[in-house]
Amino acid sequence: MSFWRTFGFHTVSVIETILDREGFTLEEILDEEELLQELKSQNKKLLDFLAQPATMRKLFEYVTQQFTSPTGTEGTPTPEDGALDANSNSNSLEQKRKFKYPFLACEILCTDIWMLTEAIFRDEALLDLLFTFLDRPAPLDPLVASYVTRVASILLGRRTSEMLTFLRARENVVSKFLHHLGTATVMDLLLKIVSAEESPEGVGTLEWLCRSDLIPCLVQKLGPDNEPNVHENAGQTLVDIIAISSNVMSSPLLVQLESQEQIAHIFTHITSSNGSSLLHGLTVIIELLKRHYKEPTSSTDSPDEPPPPPPQISPPHHHSPAPPPTATPPPPTS
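Residues numbered from 1 in each chain as written. Predicted model: local features only at pLDDT ≥ 70, side-chain atom pairs only at ≥ 80, totals over all residues. Heavy atoms only, no water.

> Provide a residue-level description of the overall build of the protein chain, including the pertinent values.
Within the protein chain one finds 19 helices and zero strands. Expressed as a percentage of its 334 residues, the buried residues of the protein chain come to 38%. Considering only intrachain contacts with a sequence separation of at least 6, the fraction spanning at least 24 residues in the protein chain is 70%. Counting only carbon and sulfur atoms, one obtains 56% of the accessible surface of the protein chain, whose full area is about 20,200 Å². (Helix = DSSP H or I, 4+ residues; strand = E, 2+ residues; numbered from the N terminus. Buried < 20%, exposed > 50% of the residue type's maximum accessible area, 1.4 Å probe, protein only. Contact = heavy atoms within 4.5 Å. Areas by Shrake-Rupley, 256 points an atom, 1.4 Å probe, with all protein chains shown as cover.)

What follows is the structure, given as structure tokens:
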């Protein structure tokens, strides 16, 4: 479509035909194969429709809400009464609502178009809806978690300051993230928040996370009472925090992790388990030790050369006492 428009051979697309009608629905737009192409071409009519508050909210609902199939009616459908065809159409619609529509909604919200980004940040209720997944019981639906965290990561990269301000204002947001420690995509989003400190808009993020007890909570997750996947994600998150915070001067998270209290907690977990808690606890300790490994600083030193041997200390020798000096005869007198 964009080829014909470029050279002046404009033809009306199916989506434009739908948009010119009255009473069309978002689902009709999502059903069209040309949708993403028209979106990338920045079709003005399409963008105007998608940026409307009601449309935006429905897109966020598709991304954040886990689809639940409606309960079936009593009785088995039979070909005689045409119920079999109706059931087939119902299953097709369910598949779209569960897979196709959330996927396309995620693609739309992640598209780098200024008009859509502005529409999102004009309505803070959309961000509230996006982060409602943190209030759900664990484990999260993997598909929903992947869509939500992808949209949140994209928005964090585009509007770092606004997103961090929003997250800091939410009550117990860090503990809610850690409640879903078993979901890898949620931990990936948390690490992106940690790494926001490296950007000018994210200065102060580590201090906020430190006040929110991120490190003590992660160390507690290494305890033997938790599941192995929780140990793995907690250990990997701590290792990644060590790597990210090493680039920050006097990182408060590293200071807290290397405190005597937290190191003692890690060793308590290590010594009280011989399973994944031991493995991932040791991994964190090893990463901390690597951080303090001193590389050769002298230009004449080579890392391939063995270190100089320690100085040889010889034991003291026992000498026999020296003989008394002999008397020297006086010189003859003349």
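Still to come is the rest of the account.
> Could you give an account of the nonpolar core, with specific residues and numbers?
Core analysis: the largest hydrophobic core is formed by 88 residues, its most contacted members being Leu50, Leu116, Phe131, Phe177, Leu214 and Leu253. No other element matches helix α10 (residues 142-158), which puts eight residues into this core. Contact partners of Leu116, with chain neighbours within four places excluded, come to Leu39, Leu47, Leu50, Ala51, Met56 and Ile108. (Core = buried A, V, L, I, M, F, W, Y, C linked by side-chain atoms within 4.5 Å.)

> Tell me about helix α18 (residues 260-271), and name the residues and values.
Between its first and last C-alpha, α18 extends 16 Å over twelve residues, near the 16 Å set by a 1.5 Å rise per residue. For α18, every residue scored as buried is listed here: Gln262, Ile266, His269 and Ile270. All buried residues of α18 lie within an arc of 105° about the axis, which places them on one face of the element. Residues of α18 that are exposed and point more than 90 degrees away from the buried face comprise Gln260, Glu261 and Thr271. The inward-facing, buried residues of α18 contact α15 (214-220), α17 (252-257) and α19 (276-291). (Expected span 1.5 Å × (residues − 1). Arc of directions from axis to C-beta.)

> With reference to specific residues and values, describe the packing of helix α13 (residues 184-195) against helix α16 (residues 228-245).
Put simply, α13 and α16 touch, their axes get as near as 11 Å, and they point 20° apart. For the element pair α13 / α16, the angle class is roughly parallel. For the element pair α13 and α16, the recorded crossing hand is right-handed. For the pair α13 and α16, the contacting residues are Ala184, Met187, Leu191, Val194 and Ser195 in the first and Asn233, Thr237, Asp240, Ile241 and Ile244 in the second. The residue makeup of the contact of α13 with α16, split by class, is six nonpolar, three polar and one charged. (Axes fitted to C-alpha atoms, helices over the stretch in contact; angles between N-to-C directions. Parallel < 35°, antiparallel > 145°, perpendicular 65-115°, else oblique. Left-handed = near helix turned anticlockwise from the far one by under 90°. Nonpolar A, V, L, I, M, F, W, Y, C, P; charged D, E, K, R; others polar.)

> Help me get a handle on the environment of Gly157, residues and values and all.
With respect to the helices and strands, Gly157 occurs in helix α10. Between the C-alpha atom of Gly157 and that of Lys192, which follows or precedes it by 35 residues, the distance is 8.8 Å.

> Could you give an account of the packing of aromatic side chains, with specific residues and numbers?
In the structure shown here, the tally under the stated rule is four aromatic pairs. Ring centres of Phe131 and Phe166 lie 5.7 Å apart, and the angle between their planes is 45°; this geometry places the pair in the tilted category. Of this pair, Phe131 sits in the loop between α9 (124-130) and α10 while Phe166 sits in helix α11 (residues 160-169), and the two are 35 residues apart along the sequence. Owing to a relative accessible area of 1%, Phe131 belongs among the buried residues under this scheme. Through successive ring pairs, a cluster of aromatic residues spans Phe131, Phe133 and Phe166. (Phe/Tyr/Trp six-rings, centres within 6.5 Å; stacked < 30°, edge-to-face > 60°.)

> Give a detailed account of the packing of α10 against α13, specifying residues and quantitative values.
As a packed pair, α10 and α13 sit with axes 9 Å apart at the nearest point and diverge in direction by 10°. On the basis of their axis angle, the class for α10 and α13 is roughly parallel. Facing Ala145, Ser146, Thr149, Ala152, Ser153 and Leu156 of α10, the residues of α13 in contact are Thr185, Val186, Leu189, Lys192 and Ile193. Looking at side-chain class alone, the contact of α10 with α13 contains six nonpolar, four polar and one charged residues.

> Lay out the pattern of salt bridges with the relevant residues and their values.
Scanning all chains against the criterion turns up 16 salt bridges. Between Lys58 and Glu27 there is a salt bridge, and its shortest N-O distance comes to 3.2 Å. With Lys58 in helix α6 (residues 53-64) and Glu27 in helix α3 (residues 26-30), this residue pair connects regions lying 31 residues apart in the sequence. For Lys58, a relative accessible area of 35% translates into the label partly exposed. Among the ionic pairs, Glu118 bridges to Arg159, the shortest N-O distance being 2.3 Å. Taken as a pair, Glu118 in helix α8 (residues 114-122) and Arg159 in the loop between α10 and α11 lie far apart in primary sequence, 41 residues in all. (Salt bridge = Lys/Arg side-chain N within 4 Å of Asp/Glu carboxyl O.)

> How would you sum up unusual backbone geometry? Please name residues and give values.
Cis geometry marks the peptide bond from Ala138 to Pro139, where omega comes out at 0°. Of note, Pro139 is situated in the loop between α9 and α10. Phi is positive for Asn172, close to 55°, though the residue is something other than glycine. With respect to the secondary-structure elements, Asn172 resides in the loop between α11 and α12 (173-179). The backbone of Asp213 shows a phi angle near 60°, a positive value even though the residue is not glycine. As for its position among the elements, Asp213 is in the loop between α14 (205-211) and α15.

> Would you mind going over the side chain of Arg159 in detail, with residue names and values included?
The class for Arg159 is buried, based on a relative accessible area of 16%. Within the structure, Arg159 has its side chain in polar contact with the side chain of Glu118 (distance 2.3 Å). What Arg159 contacts, discounting residues up to four positions off in sequence, is Trp114, Thr117, Glu118 and Phe121. (Polar contact = N/O pair within 3.5 Å; in protein donor to acceptor, adjacent residues only side chain to side chain.)

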